[in-house]
Amino acid sequence: MDSKDGTKQDLSIVGDNTNTNNTNDDHVTTGGGTTAAAKAQAFHPLDSDPSVTVLTFKVPPAPIIDVGTTEDEDALVSSKPIVVAPQKEAFFHICLDTSGSMAGSGINCAKEAMKELFQHLVENCHIPAERISVYLYSMACTVRQMGQVDDFVWMDSIKAGGGTSFGSVFERLIATIKGQIEQVNHNHNGEAIDVASTLFFFTDGADGDHGHTRRQKEILEPLLKGTPSLETTVHSFGFTSGHDAKLLSWLTSTGTDMGCFQYIKESKDIGASMERTAGLLDSTAMKVQRKVDLYLPREESLETFALESGVAGAMVESDWLTVKLNADDLTGSTVARNRPYSGTTLLWREHVPDTEDSKGNNTSSPTPITPVAGIAGVQEMTVIWLTEDDMNRILGMTTFIQYELLRMVEQINAIGSSNKTADEKRLNLGQIDLQTEAYSKVLGTLGFASARIKAKTAREPCMIACQQTRSILQSFLTLKADAHKQGGSISNTSLATFNSLAYGQITEAKLKAKLDSRVGKNTALFAEMDQKVEDIVKKLDLDKIEAEESEDKLRELSCAFSTNSYVDALRDGDCLCMTLDVSRGHGAIADPSQLVIKSIFPTYLTSSMFTMALGHSLSQNSPEDVHGGFDRDSDASIAPGLAHENITAVIPLYINDAHWQVARLRMKPILGYVVTLDATGYTYSQSTTVPFLVLVKALESYPMTEFKQRQINLILETCDQIYIHSNSLRQTTKSMVEQFCASHTQRTVDVVTNNYVFLGHVICALRAGDITKEEMDKMFARFETTMVEEQVRRDMSWRVSEDLMGGVMEWFDVNRQRDIVGPGRKYREQHAEYVRGLEQEQDSNGADARYREVLRKAQVEQKVVVPERVSSPTAVASLLAVADEKTVAAHQLEAPEFKVPTVDPVAWELTEASLDRLSLIQNAVSSGVDKILRLLAVIKSGAQGDDFKQALSNKLGVLAHGGFADEFFARFSPKIVLATLLQAYAHTRNSDRRSVENLMTPFERELAFAPDGKTRIVEDRLDDEAIQFLHSLYQTKMTLMVQEIVAQVEGAYLESRKNLSASTFVNTLDLDVAAGVLVEARTRGGAGGRLVSLCARMKMSLAREKILMMISGMYRGVKLFSDHHSGEGNETNPESKDVWYPCKQTLYLMFTNHHDSFSLSEWQAMHPNRYEDYISCRYVLDGVLDELTVEERGKVKEVFESLHPNSGRAVASAVEDA
């Protein structure tokens, strides 16, 4: 956070490599017991300026709020007190630019990235969805508070269009953040509560409303930086080189904590950039971070206070500098400016909120400690000044320079935007030149100091840090040169490139720091491990263990490299491990269930031999070739096994109680390495996850040999020991099984992270008696079907494509032309007749007579001789039709109805093509289902009291891979399987699954056996939930399609009613009236164009005559329009220059409603471009090939297939139907 002197305190990267876990630290005694004394490391970045000090420190644990013991994290070693951290009021704001420049792949990729970010915040960070707000801004801004049922549907509907106004989104942000602060204060009765706001700001363009934006910036910056108890972080994303880099640079710097900036050059990189930023957030996002106050007097305060004096009254409250600690609540860092300091001790205290009650000295302390300087609650911190060649000083100094360069960029931006004279700007830039020169010299010194470090492990990170900082400095120098040339202004590209480079290094460092935080927690633990192992081995009677063990077992359980048996390994304080081949992605660091167990090998190694082989291999090969890095598809090898297999990991085993005492300790650094490629990256979740993943892989073995059974037994007994010693697993596994069966909301990944691991826990719970055989036997049927369906749901998102899943119409064999388009066309015709009847009943309010008069005047003006009107057979027929319709209208005028096609869900049968598609989907998810069912087979055998060995040989050993899945799906009718798969596919997102109130019972009813006891009778019942579910899907889809057509027809009619002339033109049976309407329109642009467009959308009486009238612009010698459209005309037909041609959209609408009014050649002649390809395709797609001759169908088929080479089957079917 910002200090009162403007210092940004979120410099947690500085000094992160400080070793704060020295077990020989001095200790102080407090009311809470004996804890390590506070210590700090310090240095002055510039020797010539002692007023700037970089401090990195570690303090004792916070006062204990609630004393308990850790459940699991050290359950294998010890118990310790825990601190219950309060939750903070955290809010998240996602701002997305939806201006027109984002249209296309930009907005599509941004929407997907936003959905991934939203899911990460809710599912991984446990942020309540209603605390997330999404801002969509162009020239205006709309805000949506998330947590609604249709969140993802709403996101999918986002469209891009319009200009860009940053002021609009800033204004809404200001209002929202202020409102949230007021609400928090109201909820807590005015108590000082920390409020955290995190912004994700995405844009690709420049501002189009500078005045509004400038005014809102002046309000937003002090709100984010200067509001008491408000912590803010801004992450910004600039898409393409057209984004406003200066604005994003300013916005990123407005947070009290350092955010990140990312320059995204292509739309395909949007998701990766958002994911990278999301990696900075985890489950601690809602946790209140501890703060401490450091006493660092300003220059003016030094005269009135001296540490040696111990005079409490001389201390000035404003000289306390507040620092927010890192996520571990023990370590922190800060840069103190304008506070000269060079002492060896420092005063500190728990943070005192800046309220009226806390002005003056801190008069109370959470725990009784010895007062320092006469003030209760104040303690001393020992300060160690780092030397020039110290690794921590070099790494801290490079990070400090990177932050300083970012700060100077903001100064340059301010200079360029100011109203200062050119001389004043040059003077200010000259001051920045001096600072840059100083840091450049320091960086050169750091490079030399790094090269002199003898230890390779310390030298390499220092050299890399110097090189990275040098790259950022070079980019800054380029940017600064631009500023000198342009009077302080910086080019957009230079600024974006610099920001991306500088913030990129800082973001990478923060991601690394998340892993490094584990190092600090585990280093001390591992340092004590060897001594603990030594003490354990001394108490073991290894000679007795060896004498009682069989020679065969000692020979089998021996190290392939050293040939030592497991007993010999114990003598050396070592343990025996099973060898594996694994791979991992970056996600495994946070979620160890993402580790991939590729193979389990027959080779055994001791942990020391594995470590030795790892070190030797790394010295000879690149790391990626040795351990595979964070690449799930890697092909690496640390050492070859007995059968030349590629060993990349090991797992310590339970062989007996004596061996397990050592193995459980050695397991921690091994798992830390296997999962994170860092032995100190261990977390307890790795212990409760990785061994169970190995068990799942082992149970896939086929055929099930005796050796494999012994291996599986070793792995299972190892899992048993981990389960038995885990209080949380023993307390929760049974209830999780019950909840899993009872509610679909308790099956998603936020509850059960990995189904395979969960089933491994259930197996151990059954073996330990935490779940009785009777309880499991009672729950098993429900547990089996829900577990399979949940795994299918999870696999659907990446194993089953949308094309493979298909739509409801395909499953029900709905023929769109036969069941929807054809009846829809008939409905349009009936609706047109019905409307015509209504118009005739109302006599159009005398409109017909008015339009006849308009035509008569046009005839007179154009001196057109009107011949005596002789009724043609067509006209007579039309007149007769009018009379008939009037009679009908007078007696039985009824509105038409478009009924939804019905289907009998029981009688309906899946076609062969649908059954084939269903089989393909089953195959796509069968591998996951098969693994689930193998684990469930072990659980079932345990529930039935069978021996575990029998389960392996009689059940798992008799079915090849995929066999369990095939047997399972065969137990249910195809319709029940289809219904379950369709439901699972609809809920691939966890939020979709949780939003459903009533879930259809998955795989609800097994098929009965035939009398032969082998085959099953396929029988569907109307009362089956699956049948009802399928029927509801059909009805919903068909109803939507019918309603769409009805809405189009009624919408066109209502639109025409708004335009009396269009309604008259469409419905009249008198061509004189129709011609009068066109004469009154005068032109085919403006009002006339709208009239033509409206008429094209509806069914017209006398359609052919009216369309020809619109196109030719002539009627019985009368020129209907005054405009000219087709140019010069020709000698044989001088009137052709008045011919009008419809655009493709209007032509399509005309064709849809009146395809049978013209021949193929006439439709193609509707436009000089002929649109032959387009018209041919419309005949196929609209299903009206029956209106063509055999010869014309052949031509249409050729054209369509040339444009759609994969649609030959559809064309052949359409031609056959015609």
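Bear in mind that the values here come from a model prediction, so they are computed numbers and not experimental data.

Averaged over all residues, the pLDDT of the protein is 78; the fraction at 70 or higher stands at 78%. Contacts from residues 65–85, a stretch scored under 50 in pLDDT, to residues over four places away or in other chains number 42 contacts.

On to unusual backbone geometry. Note the cis peptide between Tyr702 and Pro703, where omega equals -5°. Structurally, Pro703 is set in the loop between α19 (690–698) and α20 (706–724). Despite not being glycine, Asn338 has its phi angle at roughly 55°, a positive value. Along the chain, the position of Asn338 falls in the loop between β13 (331–336) and β14 (345–350). In this structure Asn338 comes out as partly exposed when scored by relative accessible area, which is 47%. Notably, His644 is not glycine yet its phi reads approximately 60°, a positive angle. Note that His644 resides in the loop between β18 (639–640) and β19 (646–647).

Next up on the list: the sheet that holds strand β7 (residues 141–145). Strands sit in the order β7-β6-β5-β8-β9-β10 across an open sheet of six strands; the sheet is mixed. On the outer flanks of this sheet lie β7 and β10 (261–264), each paired with one strand and no other. For this sheet the average axis-to-axis angle between neighbouring strands, irrespective of direction, equals 15°. Here strand β6 (residues 132–137) pairs with β7 via five bridges, running antiparallel. Counterpart to Val134 in the pairing with β7 is Arg144. Along the sheet, helix α5 (residues 245–253) contacts β8 (195–203), β9 (230–239) and β10; its crossing angle with β9, the most-contacted strand, is approximately 160°.

Moving on: the nonpolar core. One finds Tyr566, Met776, Phe783, Val788, Leu936 and Ile939 to be the most contacted residues of the largest nonpolar core, which totals 144 residues. The leading source of residues in this core is helix α29 (residues 912–943), at 13 residues. Counting 51 residues, the second-largest nonpolar core is a separate cluster that includes Val854, Leu855, Leu1147 and Leu1188.

For the rest of this paragraph, the subject is the side chain of Ser687. By the secondary structure assignment, Ser687 is in helix α18 (residues 684–687). Residue classification places Ser687 among the buried positions, given a relative accessible area of 1%. Each residue touching Ser687, except ones within four places of it in the same chain, is listed here: Met667, Leu671, Tyr682, Phe692 and Ile722.

Take the packing of aromatic side chains next. Scanning all chains against the criterion turns up 23 aromatic pairs. Ring geometry for Tyr137 and Phe166: centres 6.1 Å apart, planes at 55°, overall tilted. Placement of Tyr137 in strand β6 and of Phe166 in helix α3 (residues 166–187) is noted, with a sequence separation of 29 residues between them. Like Tyr137, the residue Phe166 is buried in the burial classification. Members of the aromatic cluster, joined through ring pairs, are Tyr137, Phe166, Phe170, Phe201 and Trp250. Over the ring of Trp320 we find Arg349; its NZ or CZ atom is 4.0 Å from the centre of that ring. The ring of Phe1009 has Arg1016 lying over it, and the distance from NZ or CZ to the ring centre is 4.1 Å.

Helix-helix packing: each pair is described by the crossing angle between the helix axes and the interaxial distance. Following both chains from N to C, one finds helix α8 (residues 391–417) and helix α10 (residues 456–485) inclined at 15°, their axes separated by 9 Å at the closest point. If you check the angle between α8 and α10, you find them roughly parallel. Like other packed secondary-structure pairs, α8 and α10 cross with a definite hand, here left-handed. For the pair α8 and α10, the contacting residues are Met391, Ile394, Leu395, Thr398, Ile401, Gln402, Leu405, Met408, Val409 and Ile412 in the first and Ala458, Pro461, Cys462, Ala465, Cys466, Thr469, Ile472, Leu473, Phe476, Leu479, Lys480 and Ala483 in the second. Class assignment of the residues belonging to the contact of α8 with α10 gives a composition of 18 nonpolar, three polar and one charged.

In this section: the pairing of strand β15 (residues 379–385). When strand β3 (residues 39–43) meets β15, the two strands line up parallel, connected through four bridges. For Ala42, the partnering residue across the bridge sits in β15 and is Trp385. Here β14 pairs with β15 via four bridges, running antiparallel. Residue Trp348 lies in a different strand from β15, and its bridge partner there is Gln379.

So, how was this worked out
- Residues numbered from 1 in each chain as written.
- Predicted model: local features only at pLDDT ≥ 70, side-chain atom pairs only at ≥ 80, totals over all residues.
- Heavy atoms only, no water.
- pLDDT = per-residue confidence, 0-100.
- Contact = heavy atoms within 4.5 Å.
- Helix = DSSP H or I, 4+ residues; strand = E, 2+ residues; numbered from the N terminus.
- Buried < 20%, exposed > 50% of the residue type's maximum accessible area, 1.4 Å probe, protein only.
- Pairing = 2+ DSSP bridges.
- Axes fitted to C-alpha atoms, helices over the stretch in contact; angles between N-to-C directions.
- Core = buried A, V, L, I, M, F, W, Y, C linked by side-chain atoms within 4.5 Å.
- Phe/Tyr/Trp six-rings, centres within 6.5 Å; stacked < 30°, edge-to-face > 60°.
- Lys NZ or Arg CZ within 6 Å of the ring centre and 35° of its normal.
- Parallel < 35°, antiparallel > 145°, perpendicular 65-115°, else oblique.
- Left-handed = near helix turned anticlockwise from the far one by under 90°.
- Nonpolar A, V, L, I, M, F, W, Y, C, P; charged D, E, K, R; others polar.

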